[in-house]
Amino acid sequence: MPKNRTALLDNSKDLPTGAIISNATGSVSQNRTYADLLKNKNDEANFENLVTSELVKVSLSGKSSLFKKADMYEDISFSPDGKFLLLDTLQKPFSYIVPLDRFPTRATVTDLNGKVIKVVNETPLNEIMPKGFSAVAKGKRSMGWRGDKPATLYYVAALDGGDPANKTEFRDELFQWNAPFDQEPVSLLKTQQRFSGVVWGNDKVAIAYDNWYDTRNLKTYLFNPSAPSEAPRVIGDRNMQDIYADPGRFETKRNEFDRRVLAIEDGKAYLIGAGHSKKGQFPFIDELDLASLKKNRLYQSAYTDKIENILSIEDLKKGKVLVQLQSKTDYPNFYFRDLKAGDQADKQLTAITRFANPFLGLKDVSKEVIKYKRKDGVELSGTLYLPAGYDKTRKEKLPLLIWAYPAEYKDKNSAGQSTHNPNQFTFPNYGSFVYWVAKGYAVLDDAAFPIIGEGKTEPNDNFIPQLVDNAEAAINAVDQLGYIDRQRVAVGGHSYGAFMTANLLTHSKLFACGIARSGAYKPYPDAIRLPDRTTQLLGNARGIHQDVALHECRQNENTFVAGPWRSG
């Protein structure tokens, strides 16, 4: 921090110096409603004070010296060869209607003495954005260093002005810019959709991705960075939500610059996949011939009583792979798998860690993945937990807690796919509903709540009916097993899941109470009108007390309760 940093202003004592001025340009922009924005000159002064820092160079012996004077530094990255530094700094003016990631920025390349080599990018304040999830800002974006080159920047620029409504043959263009940046950048690739990432390999091999939100399409390109005139090869073209068709991620390795690049051996690259399918989860490793594009499966996990997550290929030639094994009661531990050990099971795995189960209180709870259908035939699923020792023959009627988060889809097939695995270790986290199993509740965790809009229909066009259908299907599925009391069912969710909860309590009579945590409501004001209720929806649901909400079915702080709602 700067040595001359001043104390923060206190809004209760220090009056803002200057008027709050808003300029209306007449331009249309559909911004979201953001929390915790700057509001006045005091906020501006405090913000600048907090984000301002100095860059200090520290030797291995501990001696420090000033490298760059105080500024609003946002990001710092060295070139792979360590000879240049890319500095991103925030600029003014600040905004009162958008967050800091849309404030003006400047990107500067310096040498190791701090001398400016080139200002490589300047982005203005971005308060006006086109409509749509595929909208982006004009100008250079996604700037960074090529990991396979000593000192070469890459960046992307929109060819459609960043507006999805503009029809163009190509949406984005990928450029590279060699140090010392005294020549024009070189175009490497144009993408049909919105650029979403690149994995650098070597002079002749790189992988790029693009996608389009409205269609959920994802394309993967194999291209030659040294021959921009060569057309890229489309090696993947699929629905990004079709998890059963996911080919996996390309494996990377550290190069001479200690940067991660494509792992290439004898003209072959490698893909590690999660292996979700209708029959279960069976992770795999595929070998991809970069010339013929033919694949060869090197390994596929066959476990049905545990999960084997394949993390990385540690040695391609020796067939040494880092994996993680877990089951519903066995804490995740790490192993080396020898792919060349054949069928000798005792030689295939070498334990690296031996972590014990830290949640023994949940060791004996019943856990299963249940699959069921919505009344329109869409396949759904969720993980059902029952208390330890629960008698499935006598079937005592338990209260049921459902935790969910709506997901939007463009087709029923993808919406009906499941990533639930009954062998996943029962790992409760902060705010998890799973804790309630120990208190005698049945819990349906991560219940599928797809919202589908096929063709030109948007998912939210039929949001509420689908929401209610999802909830009814989930309750019916558990009820048909004979475990629950339908009159004692609660629903909960976080953020968009809180919005879901508020709507379910408003538009159905399925639930006795609900928990809406850190709710996101303002983007959809028309969807949460309460025509027949006696109270209005409050603001963000924060600081809730689940125990009070569930046991008393009352509104506690910002917890929402159905049947009918009460203020208090």
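That block above? That's the structure.
So, how was this worked out
Residues numbered from 1 in each chain as written. Predicted model: local features only at pLDDT ≥ 70, side-chain atom pairs only at ≥ 80, totals over all residues. Heavy atoms only, no water. Helix = DSSP H or I, 4+ residues; strand = E, 2+ residues; numbered from the N terminus. Buried < 20%, exposed > 50% of the residue type's maximum accessible area, 1.4 Å probe, protein only. Contact = heavy atoms within 4.5 Å. Areas by Shrake-Rupley, 256 points an atom, 1.4 Å probe, with all protein chains shown as cover. Salt bridge = Lys/Arg side-chain N within 4 Å of Asp/Glu carboxyl O. Phe/Tyr/Trp six-rings, centres within 6.5 Å; stacked < 30°, edge-to-face > 60°.

## What to know about the overall build of the chain
When helices and strands are counted, the chain shows six helices and 32 strands. Counting only residues that meet the buried cut, the chain has 48% of its 568 residues in that class. Considering only contacts in the chain between residues 6 or more positions apart, those separated by 24 or more positions represent 51%. In the form shown here, the chain has an accessible surface area of approximately 29,900 Å², with 49% of it arising from carbon and sulfur atoms.

## A short note on the pattern of salt bridges
Per the counting criterion, the structure on display carries 24 salt bridges. A salt bridge links Lys149 to Asp203, with the shortest nitrogen-to-oxygen separation between them at 2.7 Å. In this pair, Lys149 sits in the loop between β7 (140-145) and β8 (152-158) while Asp203 sits in the loop between β11 (194-200) and β12 (206-212), placing the two residues 54 residues apart along the sequence. Put simply, Glu265 and Lys317 hold a salt bridge, and the shortest N to O gap is 3.8 Å. Here Glu265 is found in the loop between β17 (260-262) and β18 (268-273), whereas its partner Lys317 is found in the loop between β23 (307-315) and β24 (320-326), with 52 residues between them in sequence. It is possible to trace a salt-bridge network through shared partners that takes in Arg141, Asp160, Arg171, Asp172 and Arg194.

## Focus: the packing of aromatic side chains
Taken as a whole and assessed by the stated rule, the structure comprises 24 aromatic pairs. Measuring from centroid to centroid gives 5.7 Å for Trp177 and Phe181, while their planes differ by 80°, and the two rings are edge-to-face. For the pair Trp177 and Phe181, a shared accessibility class is recorded, and that class is buried. On the basis of an interplanar angle of 55° and a centroid distance of 4.7 Å, the ring pair of Trp403 and Phe433 is categorised as tilted. Of this pair, Trp403 sits in strand β29 (residues 398-409) while Phe433 is found in the loop between α3 (412-415) and β30 (442-452), placing the two residues 30 residues apart along the sequence.

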